[in-house]
Amino acid sequence: MVFLVLPALAARATEIQSVTSSKGITAWLVEDYSVPVVAVRFDFGGGSTQDPPGKEGLANLMTGLFNEGAGPLDSEAFNIKLDDAGAEMSLNATRDGIYGSMRMLAEQRDEAFDLLRLAVNEPRFDQAPIDRIRAQILSGIIANENDPDTVAQNRWARAVYGDHPYSRSDQGTRQSIAAITQDDLKARHKAVFARGGLHVGVVGAIDPETLKKKLDLVFGDLPQNQALAPVADVTPALAQQIEVNYDLPQTSLQLAWPGVKRNAADFFPAVLMNQILGGPSTSRLFQEVREKRGLAYSVNSSLVNQDHADALIVTTGTRSDRAAETLGIVRDVVKRLAQDGPTEAELAATKKYLIGAYAINNLNSSSSIAATLVELQLDDLGIDHMQRRTGYINAVTLDQVKAVAKKLLSAEPTIMVVGPPLAAAGKG
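Rules and cut-offs
Throughout, residues of each chain are indexed from 1 in the direction in which the sequence is written. pLDDT decides what is reported in this predicted model: residues at 70 or higher carry local features, side-chain atom pairs at 80 or more are listed and counted, and totals for whole chains, interfaces and linings draw on all residues regardless. Note that the side-chain values use all heavy atoms of the structure and ignore hydrogens as well as water. Each helix corresponds to a stretch of at least 4 residues labelled H or I by DSSP, and each strand to a stretch of at least 2 residues labelled E; elements are numbered beginning at the N terminus. Every radius of gyration here is taken over C-alpha atoms, with the globule rule written as 2.2 Å times N^0.38, N being the number of residues. Working definition: with a 1.4 Å probe on protein chains only, accessible area under 20% of the residue-type maximum means buried, over 50% means exposed, and in between means partly exposed. Whether two residues touch is decided by their heavy atoms; if any such pair falls within 4.5 Å, the residues are in contact. Residue-level accessible areas treat just the shown protein chains as cover; the underlying method is Shrake-Rupley with a 1.4 Å probe. When charges are counted, Lys and Arg are positive and Asp and Glu negative, with His and the chain ends excluded. Throughout, a charge is located at the NZ atom of Lys, the CZ atom of Arg, the CG atom of Asp or the CD atom of Glu.

A. Expanded view of the overall build of the protein. For the protein, the count of helices and strands is 15 helices and 12 strands. In terms of overall size, the protein behaves like a compact globule, its C-alpha atoms giving a radius of gyration of 23 Å where 428 residues would be expected to give roughly 22 Å. Projecting the C-alpha coordinates of the protein onto the three principal axes gives extents of approximately 65 × 50 × 35 Å. Within the protein, buried positions represent 50% of all 428 residues. Sequence separation of at least 24 residues holds for 79% of the intrachain contacts in the protein that already meet a minimum separation of 6. Surface accessibility of the protein: about 19,100 Å² in total, with carbon and sulfur atoms responsible for 51%. Separation between the mean location of the 42 positive side-chain charges and that of the 51 negative ones in the protein comes to 5 Å.

B. Inspection of the side chain of T251 at higher detail. One can find T251 in strand β9 (residues 250–258). Residues within four places of T251 in sequence aside, it is in contact with T316, G317, T318, S320, A323, V417, V418, G419 and P420.

C. Structural view of unusual backbone geometry. The phi dihedral of F125 is positive, around 50°, even though this residue is not glycine. Following the sequence through the fold, F125 ends up in the loop between α3 (109–121) and α4 (127–144). Judged by relative accessible area, which is 5%, F125 ranks as buried. Even without being glycine, D380 reaches a positive phi, approximately 55°. Summarising the element assignment, D380 is placed in the loop between α13 (366–378) and α14 (385–395). A relative accessible area of 71% means that D380 is categorised as exposed.

Structural data, given as structure tokens:
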């Protein structure tokens, strides 16, 4: 068992423990008895990228049925038991994984963990709930067909990712949702829910020995290996301009540059550079676009790390008659950072911010801590990463940040404009 202290966690010291059950299920645990609550977060690798062609939306539909009956309990009976246990439970599909969570009262953890066991091991996939959840999803798909943001993001995904699974909608289409059968759902569950793809984080009023028993109860009888189709890595296609024309008073802008892998040597220099470019309050984009010119309420940049693709994304929205001006300023800010890099003062201030903000952004509740524990495992960062993180940030030099700015931001970006054509901007 490994014990490590997390720094600056809500003004109290906390320990991460690596707990392994008798059946070999490992979880990272933070014991916390300040409130009588237990939060569980888990992930199975294999999200919507595993949806077969013609069955897009399968993972999303499966996760929507997580609370809709398991074992001997139909949907109504299961949800009554869940309410009686004072527990909240959910399952969600991302492109790369199936994430589950449960929050329970410590005094009723036996009942809650038993319901989680049923949901994980014995989902019913009864036809009536399938039809009801399918109809809800279909209603959303139909509504989104006329939603500018959804149409734009679908266009963006196809342009940037081509025929890669990342280009497909997680919700699926009218046709693909209609084609999904009960057998498809059972097969997907069997392929994904296996111990080999599992990561678990637990926070709250539970001790290691009790947790070991609960891990075996919930996950111990799952098969060892997942049955996943291989997914290729993809480099986002850049140097494109995508115009999604709508007669709107507000134009949305989205730009993509190359990203950096989470395990790359220049990841932390890239994190600092990205914060200087488009982080909150003091970033260059914030100052130039919002503070000096009032062109947008928000403008930000983010490093997006997925299992099979990485990118740096800038987003903002502005009055349509000033969209071309705003886009020009964004591109100029990026160009200057690529050419000259940041100043020593910017780098020092950004280091201080990133070190101080981590606890606020990632450790502000039992559920967020549990989610952070799972993400650290998925990124293979080690149980002592939070102790080492400050050192990684402080070790970054100005030359390293300048180098990664030039490397990433010198590329010609892909640009998406959602609103009136840029050529028409300013004519009113």
